[in-house]
Amino acid sequence: SDGDIVPDTYFQNIDSDVKLARFMCYVNGLNGYSAHDNVNGKLTADIDMSHYLWLPIAVKDPSQGTNPSPYSGTFEGGGHVVTNLNTIGLVGYDRYGFIGKSSGATVKNLFLIDCNYLGIDQSIYGGVIAEMNGGSIIGNYANSCESIWA
């Protein structure tokens, strides 16, 4: 059906705010999905996220009591723009950005405009990726994001 998540070896085409939110839930293991840290995503349109509060991809969710695996897939922005990506600081969440934590991931051709990350003490912030580990690659990106400590 429209917007279904596909196996990890394929790219999930993302052309709406709903599909980007669903992609995040799929990676993070939320809303009934099992966690999939290596699924690939590809933007096929510019996306305005002003109707959502963003929970970063691969971020600790205290309600689950565990840290998810770092994101290790490929996210191809396709030169598209994500606007109005906003997070809010919540107790127990520790990384704020489009992606919270990565290891061996590739993120490219992604543009973030008018993003706001409101976190709390001891948080790690990054426009595209808050914490990069294990050979993660980020290329051809731009962001206009503001990080604010509460």
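Below you will find a few notes about this structure.

Conventions adopted
- Residues numbered from 1 in each chain as written.
- Predicted model: local features only at pLDDT ≥ 70, side-chain atom pairs only at ≥ 80, totals over all residues.
- Heavy atoms only, no water.
- Helix = DSSP H or I, 4+ residues; strand = E, 2+ residues; numbered from the N terminus.
- Buried < 20%, exposed > 50% of the residue type's maximum accessible area, 1.4 Å probe, protein only.
- Contact = heavy atoms within 4.5 Å.
- Areas by Shrake-Rupley, 256 points an atom, 1.4 Å probe, with all protein chains shown as cover.
- Core = buried A, V, L, I, M, F, W, Y, C linked by side-chain atoms within 4.5 Å.
- Phe/Tyr/Trp six-rings, centres within 6.5 Å; stacked < 30°, edge-to-face > 60°.

Things to note about the overall build of the protein chain
And then number 1: Each helix and strand counted, the protein chain has 1 helix and 11 strands in total.
And then number 2: Taken across its 150 residues, the protein chain has 42% of its residues classed as buried.
And then number 3: A separation threshold of at least 6 residues defines the contact pool for the protein chain, and within that pool the share at least 24 residues apart is 78%.
And then number 4: Summed over its atoms, the accessible surface of the protein chain is roughly 6900 Å², and 49% of this surface lies on carbon and sulfur atoms.

Description of the nonpolar core
And then number 1: Ranked by size, the top nonpolar core spans 32 residues in total, and within it I57, F75 and F98 carry the most contacts.
And then number 2: If you list the elements that add at least two residues to this core, you get α1 (17–28), β4 (74–83) and β8 (106–119).
And then number 3: No other element matches the 6 residues that α1 contributes to this core.
And then number 4: In contact with I57, other than residues within four places in its own chain, are F23, M24, V27, N28, Y71, F98, I99, G100 and K101.

Structural notes on the packing of aromatic side chains
And then number 1: Under the defined criterion, the tally for this structure stands at 5 aromatic pairs.
And then number 2: With centroids separated by 5.3 Å and ring planes inclined at 85°, the aromatic side chains of Y26 and Y33 adopt a geometry described as edge-to-face.
And then number 3: On the basis of relative accessibility, which here comes to 10%, the residue Y26 falls in the buried class.
And then number 4: Note on F75 and F98: the rings are 5.1 Å apart at their centroids and 70° apart in plane angle, and the pair reads as edge-to-face. In this pair, F75 sits in strand β4 while F98 sits in the loop between β6 (95–96) and β7 (99–103), placing the two residues 23 residues apart along the sequence. In this pair, the class of F75 matches that of F98, namely buried.
And then number 5: An aromatic cluster is defined as three or more aromatic residues linked by ring pairs; in this entry it consists of F23, W54, Y71, F75 and F98.

Quick notes on the environment of M24
And then number 1: Relative to the helices and strands, M24 is located in helix α1.
And then number 2: The class for M24 is buried, based on a relative accessible area of 7%.
And then number 3: Sequence separation between M24 and V59 is 35 residues; the distance between their C-alpha atoms is 10.0 Å.

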